[in-house]
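Working through the structure, step by step
What follows is each chain in one-letter form.
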Amino acid sequence: MATGLVLSLLATLFIQVLVAYAALVAPVLAPPIAADLGLDPHLIGLFVSLVYGIAACSGLVSGGFIHRYGAMRVSQACLVLAALSMAVLSVGTLPALILAALAIGAGYGPVTPASSAILARGTPQAWLNLVFSIKQTGVPLGFMLAGVALPALTLWAGWRVASLIGTGICLVFAIALEPMRAETDRERDPMRPVLSLGHVLRPLRVVFATPAIRRLAFASFVFAGMQSSLSTFLVTFLNRDLGMPLVAAGIVLATSQVGATAGRILWGIVADRLVPPMTVLGGLGLAMGLFALLTGMASATWPFAVLIAVSVCFGATAGAWNGVHLAQLARLAPAGQAGEVTGGTFFLTFGGVMATPSLFSLVLGLTDSFLVGYALVGGIAASAGLSILLLRKPTS
């Protein structure tokens, strides 16, 4: 790979790591936060739904900001919002929790459209799946970091300090990106309106007018909801129902993200070299449904090694579809519109992440059963995977 592409890939990767970490602070720390606020921990699903509802909107409008200010400047702004969300969360009140959700949602939505705009410009077609898959490992790496670091930091200094530490890291990295900005954002249009109705709706028009992109968008709605169910509820499930200490539950979550990280690279190589990308996505849908069911069946009698194995496989499927999906979007998007098309598609993607945790929380409230929740969302994911396999073209 060219040096410029490697630098862009590393920059977008670390941005994704930090913003993903910030998004998982509240879910990982749900038990101690809920204890302080007198809330039921499973209500964290409502927090996640709010985060991704805001992310859906901010991602949709991000195209205008990317064109006017540049993808790198937008990425820096996302890091500042991530820092703000962790700082506000540490206040430890219900209004602060809501404001933290709004801040991280505003910062999370534009990250992927901005990185797609940066990478699509300089990545050869033959490397698209691998490059986008490597960049997307930032999400499980961020989740893995959160799963390992936050419980340990909480034991050391309390959950408020654990939340605050990420604030400084995000701000420092936002400043460190400034030297890359001139080159990366050289094609920005300072006169471009950022919030005109036509520009906001254009990504959605392209998504819904193009059958192949539309299919990818609806698949991402389901798969993203499945991925969110893994990361949002796993620690609470293991801690509450299986009696696992918070640190051990965080380790299990972290291993799921190891699987997701390895899986994203693996499936990117497979989709580039061995199996058509749509076939890969369909197969992943079936597999994540299976491992969701197995996760819900876990009990306190299971050996820790078995829990780790199931968690890794769950992560390698439910958390590993994104790179192949984004590469397909970049390949299908009109020239120069990869960021906008990604933003339009991610309006539906984040819609899935917004809807599914609330559905999961509702099921938990009605049945008090994680098994029912995981079986429900797993069945939906498996059905989506099967539909992709049945509707794909022979070469896709």
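Scroll up to find the structure this text is about.
Heads up: these notes are all about the structure in this document. Per chain, residue numbering runs from 1 following the sequence as it is written. Totals for whole chains, interfaces and linings use all residues, but because this is a predicted model, local features are given only for residues with pLDDT of at least 70 and pairs of side-chain atoms are given and counted only at 80 or more. Side-chain metrics in this entry use all non-hydrogen atoms of the structure; hydrogen atoms and water are not considered.

1. Notes on the overall build of the protein
Short version of the rule: In this description a helix means any DSSP run of H or I spanning at least four residues, a strand means any run of E spanning at least two, and both kinds are numbered starting from the N terminus. Just to be clear, the radius of gyration here is over C-alpha atoms, and the globule rule we use is 2.2 Å times residues to the power 0.38. Think of it in three bands: residues with accessible area under 20% of the maximum for their type are buried, residues over 50% are exposed, and the middle band is partly exposed, with areas taken using a 1.4 Å probe on protein chains only.
Helix and strand counts for the protein stand at 18 helices and 0 strands. In summary, the protein has a C-alpha radius of gyration of 19 Å against a globular reference of 21 Å for 396 residues, a match within 12%. Counting only C-alpha atoms, the protein reaches 55 × 50 × 40 Å along its principal axes. Burial status across the protein gives 58% buried among its 396 residues.

2. A few points about the packing of aromatic side chains
Inclusion rule: Classification of ring pairs rests on two measures: the distance between centres of Phe, Tyr or Trp rings, Trp counted by its six-membered ring, which must be within 6.5 Å, and the angle between planes, read as stacked under 30 degrees, edge-to-face over 60 and tilted in between.
Applying the stated criterion across every chain, the model contains 9 aromatic pairs. Seen from their ring centres, phenylalanine 314 and tyrosine 374 are 6.1 Å apart, and the 75° between their planes marks the pair as edge-to-face. With phenylalanine 314 in helix H15 (residues 304-318) and tyrosine 374 in helix H18 (residues 370-391), the pair connects residues that are 60 residues apart, well separated along the chain. An identical accessibility class is assigned to phenylalanine 314 and tyrosine 374; each is buried. Each residue in the set Phe233, Phe237, Phe314, Phe360, Phe370 and Tyr374 is aromatic and connected to the rest through ring pairs, giving one cluster.

3. As for the side chain of threonine 295
The test is simple: In this description, contact between two residues means that some pair of their heavy atoms is separated by no more than 4.5 Å.
With respect to the helices and strands, threonine 295 occurs in helix H14 (residues 277-296). Owing to a relative accessible area of 7%, threonine 295 belongs among the buried residues under this scheme. Aside from chain neighbours lying at most four places away, what touches threonine 295 is Leu234, Phe237, Val310, Phe314 and Tyr374.

4. Some remarks on the environment of threonine 137
Its place among the elements puts threonine 137 in the loop between helix H7 (128-136) and helix H8 (138-157). Taking the C-alpha atoms as reference, threonine 137 lies 9.6 Å from phenylalanine 14; in sequence the two are 123 residues apart.

5. A word on the pattern of salt bridges
Defined as follows: Each salt bridge in this description consists of a side-chain nitrogen of Lys or Arg and a carboxyl oxygen of Asp or Glu lying within 4 Å of one another.
In this structure the tally under the stated criterion is 3 salt bridges. The shortest N-O distance in the salt bridge between glutamate 178 and arginine 73 comes to 2.9 Å. Remark: arginine 73 occurs in helix H4 (residues 71-89) and glutamate 178 occurs in helix H10 (residues 178-184); sequence separation between them is 105 residues. Of the residues examined, glutamate 178 reaches a relative accessible area of 35% and is grouped as partly exposed. By relative accessible area, which is 28% here, arginine 73 ends up partly exposed. Bridged by salt links that share partners, the residues Arg240, Asp241 and Asp368 form one connected network.

6. A few points about the packing of H8 against helix H9 (residues 159-176)
Our working rule: Note on geometry: axes are lines fitted to C-alpha atoms, helical ones only across the stretch in contact, with angles between N-to-C directions running from 0 to 180 degrees. Roughly parallel refers to an angle under 35 degrees, roughly antiparallel to one over 145, roughly perpendicular to one between 65 and 115, and oblique to any angle outside these ranges. A clockwise turn of the near helix away from the far one marks a right-handed crossing, whereas an anticlockwise turn of less than a right angle marks a left-handed crossing. Polar here means any residue other than Ala, Val, Leu, Ile, Met, Phe, Trp, Tyr, Cys and Pro, which are nonpolar, and Asp, Glu, Lys and Arg, which are charged; Gly is therefore polar.
The interhelical angle for the contact between H8 and H9, taken along N-to-C directions, is 125°, at an axis separation of 7 Å. Between H8 and H9, the angle falls in the class oblique. Considering only the axes of H8 and H9, their crossing is right-handed. Here Leu150, Leu153, Thr154, Trp156 and Ala157 of H8 lie close against H9, whose contacting residues are Trp159, Val161, Ala162 and Ile165. Classifying every residue of the contact of H8 with H9 by side-chain character gives 8 nonpolar, 1 polar and no charged.

7. Quick word on the side chain of serine 369
The condition that has to hold: Contacts described as polar in this section are N or O atom pairs within 3.5 Å, which, within protein, must combine one atom able to donate a hydrogen with one able to accept it, while residues neighboring in sequence count only if both atoms come from side chains.
For serine 369, the location among the structural elements is in the loop between helix H17 (338-367) and H18. Here serine 369 falls in the buried class, since its relative accessible area comes to 17%. A polar atom in the side chain of serine 369 sits 3.3 Å from the backbone nitrogen of leucine 371. Excluding anything up to four places from it in sequence, serine 369 contacts Val363 and Leu364.

8. Points about the environment of valine 131
Within the secondary structure layout, valine 131 lies in helix H7. On a C-alpha basis, the gap between valine 131 and serine 299 in space is 38 Å, while along the polypeptide they are 168 residues apart.

9. What to know about unusual backbone geometry
Despite not being glycine, aspartate 368 shows a phi value in the positive range, around 55°. Of note, aspartate 368 is situated in the loop between H17 and H18.

10. Here we look at the nonpolar core
We count it as follows: Definition of nonpolar core: a set of buried residues of the types Ala, Val, Leu, Ile, Met, Phe, Trp, Tyr and Cys, connected through side-chain atoms within 4.5 Å.
Membership of the largest hydrophobic core comes to 111 residues, with the highest contact counts inside it found for Tyr52 and Tyr108. Beyond its immediate stretch of four places on either side in the chain, tyrosine 108 contacts Val19, Ala20, Ala23, Tyr52, Ala55, Val139, Phe143 and Phe350.

11. Observations concerning a nonpolar patch on the surface
Note the threshold: Patch building starts from residues that exceed 30% relative accessible area and form no salt bridge, then joins like charges within 9 Å and nonpolar side chains (Val, Leu, Ile, Met, Phe, Trp, Tyr) within 5 Å. In this description, accessible areas are obtained by the Shrake-Rupley approach with a 1.4 Å probe, and a residue is regarded as covered only by the protein chains that are shown.
Together, Leu39, Leu50, Leu94, Ile98, Leu99 and Leu102 give the surface a local cluster of nonpolar side chains, amounting to about 470 Å² of exposed area. For the nonpolar patch, the element with the highest residue contribution is helix H5 (residues 94-108), accounting for 4 residues. As for its placement among the helices and strands, leucine 102 is situated in helix H5.

On their own, these measurements won't tell you what the molecule is for.
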